[in-house]
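Secondary and tertiary structure notes
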Amino acid sequence: MKPGRFITFEGIDGAGKSTHIAPFAALLEARGLRVLITREPGGTELGEQLRELTLNQSMAPLTELLLVFAARAEHLAARIRPALARGEWVVCDRFTDSTFAYQGSGRGIGTDRVRLLETLVHPDLQPDHTFLFDLAPSEAARRRAAARAADRFETEDLQFFERVRSGYLERARESAGRFTLIDGMRGVDEIKKILEKMSVTL
Ligand code: ADP
Ligand code: TYD
């Protein structure tokens with residue numbers, strides 16, 4: 001059996017990643033691959049409850065860090081690892097790069113403490129490939145305002161999202177081989193073509 005692969009989509013809120021996840025997964029399915037589409041925080045019943053809390057309930061930054069990793073531990077145990085073991089591809093809307101960017105950089109917790117939990121929760125597993133949608137926070141905020149009501153993260157100011165964006169770009173520099181950086185200013189169709197090309201090389 002060919003091993004499954006673990007693909008993640010990342011970026012600041014409003015950068016455009018959700019627009020592309022289902023069409024990207026459909027490309028893989030068209031090649032006969034079995035695909036699990038999932039998201040973080042969430043992906044399990046307990047994880048979705050933790051998501052609800054994390055996105056809506058005020059809390060200390062460290063609590064937030066522990067909750068996203070609690071949801072992730074459950075997600076890995078109940079869904080991600082079993083799917084990969086069955087040879088399925090997992091396409092996940094956010095994973096631990098989000099934690100480095102949002103809690104590590106955005107909230108200022110720092111990479112060391114995020115890395116500590118990463119080592120505890122998934123010492124042996126990293127995404128095989130990550131698409132990072134990069135966009136200026138001001139443009140992302142404009143797009144969000146036109147599209148949806150804001151959650152607890154989305155009401156943060158532009159400086160917060162500048163830190164999150166820098167956190168992501170630092171991650172992409174550290175693990176350059178794992179990342180494809182996508183300029184969020186490109187049109188939807190243009191980005192779709194980039195993902196189409198990439199989908200056959202993964
Ligand atoms: P995210 O999942 O990163 O938060 P979304 O995919 O939900 O972002 O996109 C946020 C908003 O921006 C939506 O209204 C979407 O239609 C729009 N959008 C997505 N991609 C683009 C793009 N490349 N150019 C312009 N607008 C876009
Ligand atoms: P997202 O699924 O992108 O929400 P939406 O459907 O509104 O676009 O992300 C949920 C939020 O959770 C997002 O603001 C980032 C945040 N988050 C973290 O802060 N840390 C994490 O580890 C994860 C996975 C998400």
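Scroll up a little and you will see the structure.
Residues numbered from 1 in each chain as written. Chains lettered and ligands numbered in written order. Predicted model: local features only at pLDDT ≥ 70, side-chain atom pairs only at ≥ 80, totals over all residues. Heavy atoms only, no water.

We now examine the pattern of salt bridges. Summed over all chains, the structure comprises 19 salt bridges. Close ionic contact of Arg-94 with Asp-13 constitutes a salt bridge, the shortest N to O distance being 3.8 Å. Of this pair, Arg-94 sits in the loop between strand 3 (89-93) and helix 4 (96-106) while Asp-13 sits in the loop between strand 1 (6-11) and helix 1 (17-30), and the two are 81 residues apart along the sequence. Of the two residues, Arg-94 and Asp-13, neither departs from the other in class, the shared state being buried. The partner of Lys-17 in a salt bridge is Asp-93, and the shortest N-O contact between them spans 2.7 Å. One end of the pair, Lys-17, is in helix 1; the other, Asp-93, is in strand 3, and 76 residues separate them in sequence. With relative accessibility at 14%, the residue Asp-93 sits in the buried group. Here the residues in one salt-bridge network are Asp-97, Glu-118, Arg-171, Glu-174 and Arg-178, joined through shared partners. (Salt bridge = Lys/Arg side-chain N within 4 Å of Asp/Glu carboxyl O. Helix = DSSP H or I, 4+ residues; strand = E, 2+ residues; numbered from the N terminus. Buried < 20%, exposed > 50% of the residue type's maximum accessible area, 1.4 Å probe, protein only.)

What follows concerns helix 4. Counted residue by residue, helix 4 has eleven buried out of eleven residues, so it is predominantly covered. Among the residues of helix 4, those classed as buried are Thr-96, Asp-97, Ser-98, Thr-99, Phe-100, Ala-101, Tyr-102, Gln-103, Gly-104, Ser-105 and Gly-106. As for helix 4, its buried residues are in contact with strand 1, helix 3 (61-85), helix 5 (111-121), strand 4 (129-134), helix 7 (158-174) and strand 5 (179-183). Note on helix 4: the residue one or two positions beyond its end, Gly-108, has a positive phi of about 80°. (Contact = heavy atoms within 4.5 Å.)

This brings us to the site of ligand 2. Ligand 2 sits among 17 residues. The nearest are Asp-13, Lys-17, Arg-94, Thr-99 and Gln-103. Within the side chain of Arg-72, an N or O atom sits 3.1 Å from an oxygen atom of ligand 2. In isolation ligand 2 exposes 560 Å². Once the protein is present, 92% of that is buried. For ligand 2, the cavity whose grid points lie within 2 Å of the majority of its atoms is the largest pocket. Only helix 2 (45-56), helix 3 and helix 4 provide two or more residues apiece to the shell around ligand 2. (Near = heavy atom within 4 Å. Polar contact = N/O pair within 3.5 Å; in protein donor to acceptor, adjacent residues only side chain to side chain. Areas by Shrake-Rupley, 256 points an atom, 1.4 Å probe, with all protein chains shown as cover. 1 Å grid on protein atoms, 1.4 Å probe; cavity = no way out; pocket = protein on both sides within 12 Å on 5 of 7 lines; lining within 4 Å. Sits in = over half its atoms within 2 Å of the grid points.)

For the rest of this paragraph, the subject is the sheet that holds strand 4. Sheet architecture is open: five strands sit in the order 2-3-1-4-5, paired in parallel fashion. Among the strands making up the open sheet, the edge pair consists of strand 2 (35-39) and strand 5. Taken pair by pair, the neighbouring strands of this sheet meet at an average axis angle of 20°, ignoring direction. In this sheet, strand 3 lies alongside strand 2 in parallel orientation, the contact comprising five bridges. Counterpart to Thr-38 in the pairing with strand 3 is Cys-92. Relative to the sheet, helix 4 contacts strand 1, strand 4 and strand 5, its axis offset from that of strand 1 by approximately 20°. With respect to the sheet, helix 7 is in contact with strand 1, strand 4 and strand 5, its orientation differing from that of strand 4 by roughly 145°. (Pairing = 2+ DSSP bridges. Axes fitted to C-alpha atoms, helices over the stretch in contact; angles between N-to-C directions.)

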